[in-house]
Amino acid sequence: MVPSRLDIHRRNRGEGALVTLAGEIGPESTPLLRTALEQCLRDGVTVIDVDLTTVGSCDARGLNVFLSVSRRAGRVHASLQLHHPCAQITQLLAATGSTPLLLAARTDPVPPALPRGLLDTASPGPSADGASMPEGRARVPVLKDGIRLRRLTRWQTEGMGEDIADLDMASVAGTSGQSFHDRGEVLGRLAVSARRPGFALLVAETTVLVGCAYGYPVGPEGSGRRGFDRMLQASVQRLTACARFLVLTQIVARPHAQHRDIARLLQRRLLTDRHAAVGVALLHPADHGGQAVLESWGWQNMGEIVGLPGPVTPCVLILPLAGALPAGR
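Residues numbered from 1 in each chain as written. Predicted model: local features only at pLDDT ≥ 70, side-chain atom pairs only at ≥ 80, totals over all residues. Heavy atoms only, no water.

Asks: Quick question: what am I supposed to make of the nonpolar core here?
Replies: In globular proteins that are soluble, nonpolar side chains generally tend to be buried together. Counting 30 residues, the largest nonpolar core has Leu21, Leu37 and Phe66 as its most contacted members. Contributions of two or more residues to this core are made by strand S2 (16–25), helix H1 (30–42), strand S3 (47–58), helix H2 (60–75), strand S4 (79–83) and helix H3 (87–95). Looking at this core, the element that brings in the most residues is H2, giving six residues. Each residue touching leucine 21, except ones within four places of it in the same chain, is listed here: Leu6, Asp7, Ile8, Leu33, Val50, Asp51, Leu52, Thr54, Val55 and Phe66. Residues Ala204, Ala263, Leu294 and Trp299 belong to the second largest nonpolar core, which totals 25 residues. (Core = buried A, V, L, I, M, F, W, Y, C linked by side-chain atoms within 4.5 Å. Buried < 20%, exposed > 50% of the residue type's maximum accessible area, 1.4 Å probe, protein only. Helix = DSSP H or I, 4+ residues; strand = E, 2+ residues; numbered from the N terminus. Contact = heavy atoms within 4.5 Å.)

Given below as structure tokens:
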């Protein structure tokens, strides 16, 4: 029996990679295939496109490699897709029910090379609320050390709750702010925010989540719906002269050499994406640690807002996108 031979060529394309295979996927070649695909994930690749044009056959072991790497990719919010399989592989995928998991649509060719760049953005697609946003294959901003930014849809957000809660708790572990962070409240706040019109979530990640920021817009066009929003909008407008702004419900970054830059970029990128000139954050008045962190990220502490509904009088912090000072207190 002639051992199966498989040649593997990888071409990096921004945050994606095109892996071209040539030969047969069998018992001898599956370890090499697994190593190559897993290396893509270790390198921070978010979209792995596997071109099977010149692959003659694939056995069950090879299929298991694709499935296991696909599952692993899903855990780090990446993806793996197969392109141009031969008839034998197409039948194998269909017989095992793996087609929707692995096979790219026939009308979806292997995408062209993606350019690199710090703030290289993609052609927009639909977001959770109908606004434009990058799709999963879109070019995303890339920071040094393999940290990249990515917008999530609402359905993707639902699968990120536990990761965001882990990140939040890790960011305050051992600090004075830990008493103001409860895992259940983090998950509840995310769920409530995600249902708000205009909700947007931006994450920074390598192979794990290292930062996130999310929020929703408040403005006069929605002031008649919610009493809290109406009062907050009026108060912020008096402070900043801006009638519309973005409430950033959560901004968090994992301790990292770049954590300040990550947090700053996340919050400002989210404001830019939502066309908001001002960001607003509300914190517990006793959360001095949290207030200090936001101030180190460029926020201006405006003190407590009296009269808003709720059990405590919140402390409001303002982040002007263009660097302009608020109109007054």
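Still more ground to cover, so stick around.
Asks: Can you help me understand helix H10 (residues 288–296) in this one?
Replies: Quick reminder: α-helices carry 3.6 residues per turn. Residues three or four places apart thus point the same way. Residues of H10 that are buried include every one of Gly290, Gln291 and Leu294, and no others. The arc enclosing the buried residues of H10, seen along the axis, measures out at 100 degrees, which places them on a common side. Buried residues along H10 sit against strand S10 (245–253), strand S11 (278–283), strand S12 (300–304) and strand S13 (315–320). Immediately downstream of H10, the backbone of glycine 298 shows phi near 105 degrees, a positive value. (Arc of directions from axis to C-beta.)

Asks: Is there a simple way to explain unusual backbone geometry in this structure?
Replies: The phi angle of most residues is negative, glycine excepted, and most peptide bonds adopt the trans form. Phi is positive for histidine 77, close to 60 degrees, though the residue is something other than glycine. With respect to the element layout, histidine 77 can be found in the loop between H2 and S4. Positive phi is not limited to glycine here, since histidine 275 has a value of about 55 degrees. Note on placement: histidine 275 falls in the loop between helix H9 (259–273) and S11.

Asks: Looking at this structure, I do not really get the packing of aromatic side chains. What am I missing?
Replies: Two measures describe an aromatic ring pair: the distance that separates the ring centres and the angle between the ring planes. Scanning the entire structure with this criterion turns up one aromatic pair. With centroids separated by 5.8 Å and ring planes inclined at 55 degrees, the aromatic side chains of phenylalanine 199 and tyrosine 214 adopt a geometry described as tilted. In this pair, phenylalanine 199 is assigned in the loop between helix H7 (183–194) and strand S8 (200–205) and tyrosine 214 in strand S9 (residues 209–218), connecting sequence segments 15 residues apart. Like tyrosine 214, phenylalanine 199 is buried. For the cation-ring pair, arginine 196 lies above tyrosine 216, with the distance from its terminal atom to the ring centre recorded as 3.9 Å. (Phe/Tyr/Trp six-rings, centres within 6.5 Å; stacked < 30°, edge-to-face > 60°. Lys NZ or Arg CZ within 6 Å of the ring centre and 35° of its normal.)

Asks: Whenever I open this one, the sheet that holds S12 confuses me. Can you help?
Replies: Hydrogen bonds along the backbone pair up the strands of a sheet, which may run parallel or antiparallel. The mixed open sheet is built from seven strands, whose spatial order is S7-S8-S9-S10-S11-S13-S12. Strands at the two margins of the open sheet, each flanked by one partner only, are strand S7 (148–152) and S12. The mean angle between the axes of side-by-side strands here comes to 30 degrees, regardless of whether they run parallel or antiparallel. (Pairing = 2+ DSSP bridges. Axes fitted to C-alpha atoms, helices over the stretch in contact; angles between N-to-C directions.)

Asks: Explain the pattern of salt bridges to me, please; I cannot follow it from the model alone.
Replies: Any two side chains of opposite charge can pair, so long as their charged atoms come close to each other. Enumeration according to the criterion identifies ten salt bridges in this entry. In this structure, aspartate 229 and arginine 196 form a salt bridge, with 2.3 Å as the shortest nitrogen-oxygen distance. Residue aspartate 229 is located in helix H8 (residues 227–240), and its partner arginine 196 is located in the loop between H7 and S8; the two are separated by 33 residues in the primary sequence. For arginine 269, the salt bridge is made with aspartate 273, and the minimal N-O distance between the two is 3.3 Å. With a gap of four residues between them, arginine 269 and aspartate 273 both fall in helix H9, about one helical turn apart. Judged by relative accessible area, which is 16%, arginine 269 ranks as buried. For aspartate 273, a relative accessible area of 22% corresponds to the partly exposed category. A single salt-bridge network, built from bridges that share partners, covers Arg34, Glu38 and Arg72. (Salt bridge = Lys/Arg side-chain N within 4 Å of Asp/Glu carboxyl O.)

Asks: Looking at this model, I keep getting lost on H8. Mind explaining?
Replies: Between its first and last C-alpha, H8 extends 20 Å over 14 residues, near the 20 Å set by a 1.5 Å rise per residue. Considering only its buried residues, H8 is in contact with S9, S10, S11, S12 and S13. Backbone geometry just downstream of H8 places alanine 241 in the positive-phi region, at approximately 70 degrees. (Expected span 1.5 Å × (residues − 1).)

Asks: In this structure, what is going on with the environment of leucine 248? I would like to understand it.
Replies: Inspection of the secondary structure assignment puts leucine 248 in strand S10. Separated by 32 residues in the primary sequence, leucine 248 and tyrosine 216 place their C-alpha atoms 6.8 Å from one another. In this view, leucine 248 contacts Tyr214, Gly215, Gln267, Leu270, Leu271, Gly279, Val280, Ala281 and Trp299; residues no more than four positions away in its chain are not counted.

Asks: Would you take a moment to explain the packing of H1 against H2 for this structure?
Replies: How two helices pack is summed up by the angle between their axes together with the distance between the axes. Their axes nearest at 10 Å, the elements H1 and H2 cross at an angle of 10 degrees. It follows from the interaxial angle that H1 and H2 lie roughly parallel. For the crossing formed where H1 meets H2, the hand is right-handed. Side by side, H1 and H2 meet where Thr30, Leu33, Arg34, Leu37, Glu38, Leu41 and Arg42 of the first sit next to Arg61, Gly62, Val65, Phe66, Ser68, Val69, Arg72 and Ala73 of the second. (Parallel < 35°, antiparallel > 145°, perpendicular 65-115°, else oblique. Left-handed = near helix turned anticlockwise from the far one by under 90°.)

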